[in-house]
Every structure is written in C-alpha cells, then in structure tokens.
Amino acid sequence: MTANGDHTAAVPIHATPLPPQTEEDAERRRHRRPARRPKTPATPVDVAAAAGPRPSRSMPPPARPDSRLDHAAAAQAGTRLSCPLLPTPSRVEPRGPVVGTAPGGAPRRLFFQPHWTEHVVEDALKRGTVFTGKLRVNAHNRNEAYCTIDGIPVDILITGTAQNRAIEGDIVAITVDPVVYWTRMKGQNIASNPAPGGVSVSREASETNGNHSLKKGQADASCRFEKCSNGQPVPDKMHNHHKNSGFSQAVMCENGHAIVPENYEGLDEGNTESARALQRICSVICSHPSRRPTGKVVSVIKKSPRRGAVVGFLAPFSEFPDGEQRNQMNMQGSKRMNHIASSSLTGLLHLLPTDPKFPQMIVSVSTLPDSIRQRLKEGGIAIEKELVGAQIDDWNEESPYPWARVLQLFGKGGQVETHMDAILFENEICGTQFLSKSMACLPDASWKIPQEELAARKDLRNVLTFTIDPPTASDLDDAISIETLSGGIVRIGVHIADVSYFVHPETTLDAEAQTRSTSIYILRRKVSMLPSRLSEELVSLNPGVDRLAFSVIWDIDPRGRIVNRWIGHTIIFSCCKLSYDLVQDLISSDANQFRSAAASLQVHGMLKQEDIIKSLRCLYEISKNLKDIRFKAGALSLDTSKLMILFDEDGAPCDSYRYKRNDACFIVEELMLLANMAAAEVISNAFPDCALLRRHPEPNPRKLREFEAFCAKNGFELDSSSSGQLHLSICRIKEELQDDPVLFDILMFYASKQMQSAEYFCTGDVISKDDWAHYALSVPLYTHFTSPLRRYPDIIVHRTLSAVIEAEQMYLKQREISTGRNGVKTKYCESVDRCFTGLQFSKDAAETKEGREALSAAAKKFMVPNSDCLGGAAEYCNERKWASRRAEEAGQKLYMWALLKRNETMVSNARVLGVGPRFMSVYVPKLSMERRIYYDEVEGLSTEWLEATGTLVLDACRNKPAQRRGSQFKCSRAIEEVAVVVNPSELMFSEDKDEPGAIEAGGPAAADSVLLSDDAVKADVAPAALPLVIRYLSDIPVVLHAIGGEDSPVDIGVRLYISSYFK
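Conventions adopted
Residues numbered from 1 in each chain as written. Predicted model: local features only at pLDDT ≥ 70, side-chain atom pairs only at ≥ 80, totals over all residues. Heavy atoms only, no water. Helix = DSSP H or I, 4+ residues; strand = E, 2+ residues; numbered from the N terminus. Buried < 20%, exposed > 50% of the residue type's maximum accessible area, 1.4 Å probe, protein only. Contact = heavy atoms within 4.5 Å. Areas by Shrake-Rupley, 256 points an atom, 1.4 Å probe, with all protein chains shown as cover. Phe/Tyr/Trp six-rings, centres within 6.5 Å; stacked < 30°, edge-to-face > 60°. Pairing = 2+ DSSP bridges. Axes fitted to C-alpha atoms, helices over the stretch in contact; angles between N-to-C directions. Salt bridge = Lys/Arg side-chain N within 4 Å of Asp/Glu carboxyl O. Core = buried A, V, L, I, M, F, W, Y, C linked by side-chain atoms within 4.5 Å.

With that settled, the discussion passes to the overall build of the protein chain. Summing up its helical and strand segments, the protein chain has 27 helices and 37 strands in all. Counting every position in the protein chain, which comprises 1063 residues, the buried fraction comes to 58%. Counting only contacts in the protein chain whose residues sit at least 6 apart along the sequence, the fraction spanning at least 24 positions is 75%. Summing over all exposed atoms, the protein chain offers an accessible surface of approximately 44,400 Å²; the carbon and sulfur share of this is 50%.

Written out as structure tokens, the structure reads:
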C-alpha cells in the first residue's frame, strides 16, 4: 500500500469525519479513475510537491485531497482519527483553519498545517498521541523523510507536506497514522547508500591514536566516501542507522535523535499512557511486518543548527521549477511575498542548496549584502555561478518554500578554495585567527618550566622516550617510554602533553577552545583547536626539549598482564621523533629496509640508536600481546584500507593510492587504548555522576538480523550475538573470500553501516552502567584522554583526572595525620597508597568522610563541571565532532573530484549490489564508494527487466521505437549521460608498453595506484559488449568522472563503459 493523503498534498482540512475504511476500500480508492478535469475555472490546483522535488515514478502517487483528516482537527471535531492503537486524544486548542481569512476578510491560502503550540505538544507527549525524534531526509528523494522513535523498532516514514516545514536535523513532534495508511516495506533493509555511523568502529580505534597519520598528516589523509551524492553525512546521537529498505529508493541513513530516553519495555506501563501507546504500536508492527508506519510532523521542537548554515547557488527567480507554484506564491496572502511581488520579479532570487536534503529557497534581493546587491545592479556577476552561504529566516504555513538570507559570498563555483570555504561555513567551523584575548592567555616566548613544577612532578627525563607520528605532524601530543625491570617486567609509559596546565577554566582561551571543540584536518588545510604557539611549541612533545606531561605508566609481565599502574604529572624528554614508516622498517625483518631506516634515525641526548631499535621491537611484541588479549575479550575490528590522495609541488591533487595501516600504527593504537581505558576507570569511579566518558551503543538487533540475512544470501554464516562473535565470523569470512577480496570489502562496507556512532556523555545522564559500555572495544568504560591538543573533551578529562590525583594526595595525607596521632599504622593504610588511581579503586576510602571531603575540594579546585554543565558540554562536543567529520569527508570528496576533473576520467571495474528496472547500484572497490547508474528513458539504449530472475538486459536501440498514440514515454537523456560508448574498431591496446601507467619514483606502487594514465587503465579494463546482461554481484566496467561544481554540487559520477558498433 502506498502512502497517501496529506503526505503528498497540502489541502484544506475539513472537520467532518470519514467513514470507517478497510484496507480493501483504501486499495480500491487508490486505483479508482481520477475525476475528469472541469472545463470551467476552478480553485487553483494544489501544489502537491510544494515542499520538495517532483516525485519520481518510484514515489507514492498523490492521494485524493479529502483522503485523511488532520489529527488535531479531527480531535477538535470530536472524532477519533489518530492512530487507533493510541488513546483517544483529549480536546486540544484550535490551531486555525488551513483555508481561512486574512486581515480585511480576504481569503488566504495555507500550504501547510499550522504547528501545534508548545503546551499542546507537551500534553500530547504525556498522553502518547505524539512522539519526538530527529528528522532524516532521503538524499535521493527529499519527498521522503524518516524519524526514529525510541521504543519503536521501525522508522516512521514522513512524506511530502506531512513534513510540515521541518528540515534535515530538526527535532520534531510527530503523530503516527492509522495502520490503514501505512506503506509497504520495500524489501530487505540493507540499503544501497551508506550511513555516517558506519565508520564508527574503525574510526574509534584509529582516533584513540592521537598521532595517527590519517588525523595529523596534512598530506596523508583518507579519502573514503561513505555517504550519498553530496558526501555530507549528518551524524547522529544515540540511535540506530535505519534505512529505507527499498532498493529503488534507498535512504541516506543518518541516526535519529529521539528524545524519549527509554524503551517502552522499561517504562511503567501501568502509569504512563505513552508507554501503553508505544506497546500498542509495537504490537501492530509485529502483526504487520510488511508495513512501514507513516506519520506527519505537527511541531518543530528544536530547529537544526544547519538552518543557519546553508550553502547553495543563486539562480534567477524566473527559473523556478514550477511556474504554477510561483503564481501561487505571488497570489497568497503573505505580506512579505506581496511586498516583493508588488515591486517586480527581479526582487526575488532562487537559492538551490548543494545539499539535496534541503528544500529550494527564496531570497529577497533587498536582504542581500550591499556588495552583492551593488554587483547585481552593475551586472558584474553571473548570479547562477556564485556559491553563497545563507541562513533560513522564516518558513510559515503560507509559503511552499522557506525564505533565506544570504550571509556570505564564497565566489565562483568549480574552484577548490571556493568550495572549501563553503564546507567550513556549512559545518560552522571557525577558520579565522584566534582572538587577541586568547593569545594573551599564553606565556611569553621566554617561558621555561618553573622550579616548583620540577619539584612537584615525577622526573622521567632520563627514561627512553620517543614519539611516533606521520612525518608532516607538527602538534605532537603523545609519547611512549619503555624500561626493562627485573623478572621480565617491562615498564611502559604513555605521556600526553599537559595542555590543562596552560589552558585554565573560565579564560578566553578555554572558551575559544571549547567553541572550536576539535581540530579539523582537511587534507592540505588545518583548522586548529588551539593556537600554534601552544600546540606546536609550548606543549608539543618535540624531541630534544623538556616538556610537561600527563602520564600513565604500567608494569607489564611477559604474558601481557598489567601488574601495576601509576598515573600522574611528569616531566619528559623525547629523544627522537619517529614516523610510522620508519618504525615499520626498524621492526622489519628485511635487512635492507632496516639498514636504510637505521641510517636516517636521529637521536637526541645520551641514548644510542641501538637502544631505540631494541625498545621498538620490544614494544611491538608487547602490543601484539595486548591486541590478542583485547580481541579474546570480545573486541571488534572493521578496519579496511583507505584511499589516500597525493599532491604535486603546486598543491594540486595528482594521484591516489590505497593505504593499509601497518604494524607501527597498531603499536601506538594499543597503548593509547590502554591509556584511555585507564583514565575512564579512574574518573568514573571517583566522580560517578560527573565523569565525561565515551560510549558506543550496541547495534540495533533488527539491523544485525538483516545483515545476517544479507550474508546468508551470499552463502556466509554470521554470528552477531556479541561483538566478539561478530569479529570471529568476519575473520572466517575473510579466509573464505581470499580469492574474492572485492566481495569481502562489500561485506565490510555493509557491516560498518550497521554500527551506531560512538558519543560523549556525562555519567550522571545515563543511569544504567550497562549503557556506558563501548561495543566495538568490548570494554565497560572508555573515554578520550590522549589527544588534548585537538579534542576539547580530552582537556575536560585531564582536569577531572587531576582532581582525582589531588584528592588522593589529600586523603592519604589526612590518613597519615590520623594514624600518626594514634601511633598505629594499619595494614589498610599501607595498601592504599594509590587508593583512587591504582589498579584497584578503594570505594571504602572514597566513602569515608575524609575521602568525600577530599574529592569535593579537589573538584572545586580544578573546576570539574557538574552533571548539568557536563551534559551540555558533551552534547556540544558530539555535534562539533560530527561536523568536523562531515567537513573532513566533504573535503576529501572535493579533492577527489578535483583529481578526477584533472584526469578527466577513471576506468574501473565495479560490482553490482542491486539492480532494478530504473537503475542499478554499483560498488567501486578502488574508491570504496557506492553509486547509482540510472538507465531508464535513455535515447539509444533499450532496457529489459526480467523480474522473475532479477536480470537486466541492456542493448543498443537499432531502430527508433514506435510511439503509441497518447503515450507519455519520452527519452529525457542522451546515452552519453549513462555510458561511455566506444567503437571496438577504435580501441587501441598498447601491447608494446611494458609498464603502462608507471608511477614516478617516490609514489605508490603501480598495483596500489587508483588513477593511472588513461591508456593504461583502458588496457587493463576492457569495455563491456552490448547486449549486456547484468545480475546481482555482476562485475561491470565503469567510468568515473567529476560532475558539477560550476553551478551545482560537486559529485563523482559513474557511467557504464561499453563498446558498440552502433556508436
């Protein structure tokens, strides 16, 4: 059954009830022949697609205007037309008619339902007639949006004007429709478009490594595309990645942000109407598994921050997609529109957002910045080529489109710098210089470590210490030390730059760091969280100088077990800066690589090269033990190779290659994970209500079952009962697919999409400690401690950990005084010298009067935020982290677009992930990217879809197809938009070239290169011959190319690569 009613049309709402309707009645009504158009003039036709693009053939057809009543209007009329599963809503205050009167008695037209008032929504939430969640819009079809409601296992579909002026990311209140209006599920919920949270598992491990090359190397950055056409993921908070399961309408899978904090099972069903409503909905969903619930927005509770950061192209108002809609806009009663319409059509401009999830917008010329208006008057620019930043000012029920105001002009589209500035604006990233007041918080150039710090801290300057970073890294925030003790015990230390010593709470520098929240690394551009004077000089753990550090030190036995731990402030001296590749060569068994690496090793201080090399090999063995222990405990890894972009001397992208992390990366990763877990354990035990931790929720069971079915379809058995079992299953599948690495990449690609995103949280906000756990790492407690130069949450954790250390010292000093008075030293006192930071937390000590007083005083001294403040800070840090991820991935896509534009095309093999009568979805292994190829209504190309066998046959149209009289068929696209067609007689295979497409010295191996010379690639990937038979998982040749940029969003297009004599 298709969605209908006010899902697709904004119509006047009448208060008369509809007769009861069965599913058969609804189906008959849907197929009923529409009424013949009257010959006499009638009321202006409704704008069915006012809030979005014209529906495609796969969208639900428009419904009859009177097919459904508005829930609140029906309640006002005394009828019961909300979901029959829910309690009958009580009377609500009138919200105004959809067709009413304007001042002066003139009729006015409303395109949308007025939003409910705040207290009406609150009352409806309590009664269970309204639910809340974050709106997620389908990037392929803006007419479709989804909302996740906590406690309901299926996303709610919201189509057309039922979205009621809500946009991507808004927190909305929705009503659920009666089951008779629910749509049919569209197959298996393995969608063809990836989800933003999919990178969380592999990212989470790599991000623990504060100096990982993919984070700190400006020229060594990942370019892995895991999003839809615009590459702009909207990360989520707390909830699962739900996708429209239909292949023909795959949905971008951003997580919902449901406000209801608990599942319906955990609510007191005897006392809450909302709990009973959730239970009834879940029961009906279980009894109708083939139906997807539908609903509509009745209010916007919290507007998305993205309303204030819209990027798009200006276009003349005369180029409005629908002239009839423009006439409707000029006729309706909005004072603002009447004012503009009375001036002239040139007083309006059209704004086309680059993000397809945003609606088209209207801009008044009068609101443009003076400089832009002046240039428009002089005719000095082509407005349709200008990329601008804007904000949504207003969208009332009388307007089918939102009104926007241009804030910034970035410049001509198609230029990398222009689009990069737009990416920063769109994600609200501050790329300007630091405030002078912030810089005044830093010590002057003559600063040296004070003597009191030398006396108060543990001196580790004589211990062998070094950093491991990419060669381009300049902000070194972590170092590693190693000592060999008796009995085979090895003492390993992780030393983190002591940023909190310089960044004090309630200072301008702290406020600006918190506002920025994270450093952004977009290939060749870096936006720092802290001034370079601090991050690259005063605090950076550069070799050959003394530095203040915050250290975690373990004693580890030969079997990898931790026998002792110390946490505190230190002074260190790094003897050398190592790169990942250099470390890999030093621990390699290859003699030539070792000799070359050893010759380039520079050591500061009294230590020798042999000491460094011996220590690195020892660390490598210990890290392998730690990794084995972690995975035996149930950890999950979905790590895959990533696409890297290389730049020439002028800074332009010139090539790319696949990058796989080496053993040197895992040395650092294991130790950083260990330090983060130690910090989480200490601060959560000492401050159980106000510790900042990081959690990774378990995947939605339904999504995992769907992934299991996806694997079973391909002949693989998957056990997803736990993260550990899932990891073992993936390892077994990898062994089975040694001969088909592409299929394994696809499985990993989908596996990562089933994961939720990790998030920061305040322990006081999450009651159950079971919800504190980190699913992928399989640990009960985790936080971020190791990268305070680029993550503000790490600074908060440093301050909290400093408070715990201070409280421990205060408590132990008080105990010494007490025992000194009594003249008795108890066994208990001897065993609690590290009662708060040791391997065993002393709960007895923390609950004593002295312990409580010490913790309270230390928290006040270091200004540890309370749970209310910390919860808000955690939410803000999550938003900033997701924004930085969007920016990084959009920047990577931009540079890949520029690379393809420079090379014109790239030919590659692709694997078909899904195929249907209109389009296919293909996975390009070289780019870890999924794209669609549409082939319906293409001139010169015939398609035959055999649904029984799931087979598509593409062939050249040798004769012009006959048109039936009255047929609506129209070939709307040329074949060049779908395929690169070459004549077989023109193909030249360069057999005389021994090394086609060889890379210059210093670049990646040819086997790893993605972009090679055109002739070389075509020699390796032959075009497919027509007729072409395509099935699920077929290998097909494709051509990738850059599209858009000058007057539309940048994107990477995919076309078929075929040969035909009919060219």
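Moving on, we get to the packing of aromatic side chains. All told, the structure shown has 15 aromatic pairs when counted by the stated rule. Aromatic side chains Tyr-501 and Phe-502 sit 5.0 Å apart centroid to centroid with 80° between the ring planes, which places their arrangement in the edge-to-face category. Taking the relative accessible area as the measure of exposure, Tyr-501 reaches 23% and is therefore partly exposed. Overall, Phe-502 belongs to the buried group, its relative accessible area being 7%. Aromatic side chains Phe-707 and Phe-710 sit 6.3 Å apart centroid to centroid with 20° between the ring planes, which places their arrangement in the stacked category.

This paragraph deals with the sheet that holds strand β17 (residues 478-484). Taken in spatial order, the 7 strands line up as β15-β22-β21-β18-β17-β16-β23 in an open sheet, and their pairing is mixed. Taken across any chain shown, the strands that pair with only one partner, and hence form the sheet edges, are β15 (458-459) and β23 (576-578). Across 2 bridges, β15 lies against strand β22 (residues 562-573) in parallel orientation. The residue of β22 that forms the bridge with Asp-459 is Ile-571. The sheet strands contacting helix α17 (residues 609-632) are β16 (465-468), β17, β18 (490-497), β21 (546-556) and β23, and the helix crosses β16 at an angle near 65°.

What follows deals with the pattern of salt bridges. Once their charged atoms are close, side chains differing in charge can pair, the charge on each being opposite to the other. By the definition in use, this model includes 41 salt bridges. Glu-426 is paired through a salt bridge with Arg-306; the nearest N and O atoms lie 3.6 Å apart. You can see Glu-426 sitting in helix α10 (residues 416-426) and its partner Arg-306 sitting in the loop between β9 (295-302) and β10 (310-316), a full 120 residues away along the chain. Grouping residues by exposure puts Glu-426 and Arg-306 together as buried. Arg-661 is the partner of Glu-669 in a salt bridge, and the nearest nitrogen-oxygen pair spans 2.4 Å. Note on Glu-669: relative accessible area 2%, which makes it buried. Accessibility expressed as a relative area gives 10% for Arg-661, which makes it buried. Among the charged side chains, a network of salt bridges with common partners joins Arg-630, Asp-639, Lys-642, Arg-661, Glu-669 and Glu-670.

Moving on, we get to the nonpolar core. Among the nonpolar cores identified, the biggest contains 116 residues, and Phe-466, Leu-578 and Phe-836 are the most heavily contacted of them. Considering each element in turn, this core owes the most residues, 16 residues, to helix α18 (residues 663-686). Apart from the residues lying within four places of it in its own chain, the contact partners of Phe-836 are Val-682, Val-804, Ala-807, Glu-808, Tyr-811, Phe-841, Ser-842, Ala-845, Ala-846 and Leu-855. Leu-424, Ile-933, Ile-1036 and Val-1038 belong to the second largest nonpolar core, which has 52 residues in total.

For the rest of this paragraph, the subject is the environment of Met-644. Here Met-644 lies in strand β24 (residues 642-647). Sequence separation between Met-644 and Ser-656 is 12 residues, and the spatial gap between their C-alpha atoms is 5.3 Å.

Here the focus is the sheet that holds β10. Spatially, 5 strands are ordered β10-β11-β12-β14-β13 in a closed barrel, and the strand pairing comes out mixed. Adjacent strand axes in the sheet meet at a mean angle of 50° when their direction is disregarded. Two strands pair when backbone bridges link them, and β10 and strand β11 (residues 348-353) are joined in this way by 5 bridges, in the antiparallel orientation. Bridged to Leu-314 within β11 is Leu-351. In this fold α10 packs onto β10, β13 (386-394) and β14 (403-412), with an angle of close to 145° to the strand it touches most, β14.

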